[in-house]
Amino acid sequence: MSEGFRTKKETVPRYLYKYFPNGINALKVIQDERIHLETPDTYNDIFDGAITITPEHMNMLLVPDNVVGAIVRYTHRDHKSEVEAAICDADFSECENMREVADVLITKGIPEDVVEGMCHNLVYSFKNVKFPNNLISCFSETNDSELMWAHYGSHLEGVCLCFDTTLDPELFQHAQKIDYSMHRPTVTRGSFDMYFTKSLIWSYEQEWRVVVEREPNDCFISTKSCVG
């Protein structure tokens, strides 16, 4: 497929279920043979699909075009002038990430605690950042959870559709089971664990996901796997 699917290998169940708050939305899935994709910022779990990094992850951050401006912006106000003066002739062209930029700052005589303060402020700006071009469709292994009906089925008045994953292997080969954990995942370059890891408090959902990288305005994905 040409889609930018995010996949981890897992054996997908024969049937997966999706809850809807009303019959209109469910009927459109059947009639249009497509499923709506959501962005994580619409979910009730504020940590869902979010990344949070620490200064130890500075090697994940690419160097911005205006690197000097970024350095000054995230430097404590008491040190902005001296930092700006010290790096006016610094060469960051060989730096591949912000950790290497930080190392250059230290060679320019900027105190290490000031540099680490800048790093801390920079990574803090990435707290709970969610990427708008990674879209998700959520499914469940169960169709008889009272909590699921209450939360996603309009307090038992909605609809739950059944999808036969064998009827659309091209789509559901990308489905991934959620890992429920007490710990949030460590995000590394190229990792998408933040989409497939949730807190233990959500384990009743028995959730599976299809995650697709595409523009937010392209928010539907086709399937003929709905069987009722």
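Parameters and conventions
- Residues numbered from 1 in each chain as written.
- Predicted model: local features only at pLDDT ≥ 70, side-chain atom pairs only at ≥ 80, totals over all residues.
- Heavy atoms only, no water.
- Helix = DSSP H or I, 4+ residues; strand = E, 2+ residues; numbered from the N terminus.
- Buried < 20%, exposed > 50% of the residue type's maximum accessible area, 1.4 Å probe, protein only.
- Pairing = 2+ DSSP bridges.
- Core = buried A, V, L, I, M, F, W, Y, C linked by side-chain atoms within 4.5 Å.
- Contact = heavy atoms within 4.5 Å.
- Salt bridge = Lys/Arg side-chain N within 4 Å of Asp/Glu carboxyl O.
- Phe/Tyr/Trp six-rings, centres within 6.5 Å; stacked < 30°, edge-to-face > 60°.
- Polar contact = N/O pair within 3.5 Å; in protein donor to acceptor, adjacent residues only side chain to side chain.

J.: Looking at this model, I keep getting lost on unusual backbone geometry. Mind explaining?
T.: Most of the time, phi is negative for any residue but glycine, and the peptide bond is trans. The phi torsion at glutamate 33 lies on the positive side, around 55°, for a residue other than glycine. With respect to the helices and strands, the residue glutamate 33 is situated in the loop between helix H1 (23-32) and strand S3 (34-36). For serine 154, which is not a glycine, the phi torsion comes out positive at approximately 50°. As for its placement among the helices and strands, serine 154 is situated in the loop between helix H6 (146-152) and strand S5 (159-164).

J.: Which parts of the structure should I look at to understand the pairing of strand S4 (residues 134-140)?
T.: The two faces of a sheet get side chains in turn, since along a regular strand they alternate between them. Of all seven residues in S4, seven are buried, a share of seventy percent or more. Burial along S4 is two-sided: Asn134, Ile136, Cys138 and Ser140 facing one way and Leu135, Ser137 and Phe139 facing the other are all buried. Here S4 pairs with strand S9 (residues 207-213) via seven bridges, running antiparallel. Bridging across to S9, asparagine 134 finds its partner in glutamate 213.

J.: Even after reading the chapter, I still don't get the nonpolar core, so can you show me in this structure?
T.: Buried together is how nonpolar side chains tend to be arranged in soluble globular proteins. Ranked by size, the top nonpolar core spans 24 residues in total, and within it Ile71, Ile87, Phe92 and Leu105 carry the most contacts. Where this core is concerned, the elements lending two or more residues are helix H2 (67-73), helix H4 (98-107) and helix H5 (112-124). If one sorts the elements of this core by residue count, H5 sits on top with six residues. Ignoring any residue separated from it by four or fewer positions in sequence, one finds leucine 105 in contact with Ile71, Ile87, Phe92, Ile110, Val115 and Met118.

J.: Just to check I follow, could you spell out the pattern of salt bridges for this structure?
T.: A side chain of one charge can pair with a side chain of the opposite charge when the charged atoms of the two come close. Per the counting criterion, the structure on display carries 10 salt bridges. With a shortest N-O distance of 3.4 Å, lysine 28 and aspartate 32 are connected by a salt bridge. Linking lysine 28 with aspartate 32, this pair stays in helix H1, spanning four residues, or about one helical turn. Judged by relative accessible area, which is 42%, lysine 28 ranks as partly exposed.

J.: Explain the packing of aromatic side chains to me, please; I cannot follow it from the model alone.
T.: For any two aromatic rings, the description comes down to two numbers: the centre-to-centre distance and the angle of the planes. What the rule picks out here adds up to three aromatic pairs. Ring plane angle 85° and centroid distance 5.2 Å describe the contact between tyrosine 19 and tryptophan 149, whose orientation is recorded as edge-to-face. On the criterion of sequence distance, the pair formed by tyrosine 19 in strand S2 (residues 15-20) and tryptophan 149 in helix H6 is long-range, its members being 130 residues apart. Three or more aromatic residues joined by ring pairs make a cluster, and in this case those are Phe139, Phe163 and Phe172.

J.: Looking at this model, I keep getting lost on the pairing of S2. Mind explaining?
T.: Judged by how many residues are buried, S2 sits mostly within the fold: five of six residues are covered. By the bridge criterion, six bridges tie S2 to S5 in an arrangement that is antiparallel. Following the sheet pairing, lysine 18 is matched in S5 by leucine 161.

J.: I tried to follow the environment of tyrosine 204 on my own but got confused; where do I start?
T.: Along the chain, tyrosine 204 turns up in the loop between strand S8 (197-199) and S9. Leaving out residues up to four positions away in the same chain, tyrosine 204 has contacts with Thr142, Ser145, Leu147, Met148 and His151. In terms of polar contacts, tyrosine 204 uses its side chain to reach the side chain of histidine 151, at 2.7 Å.

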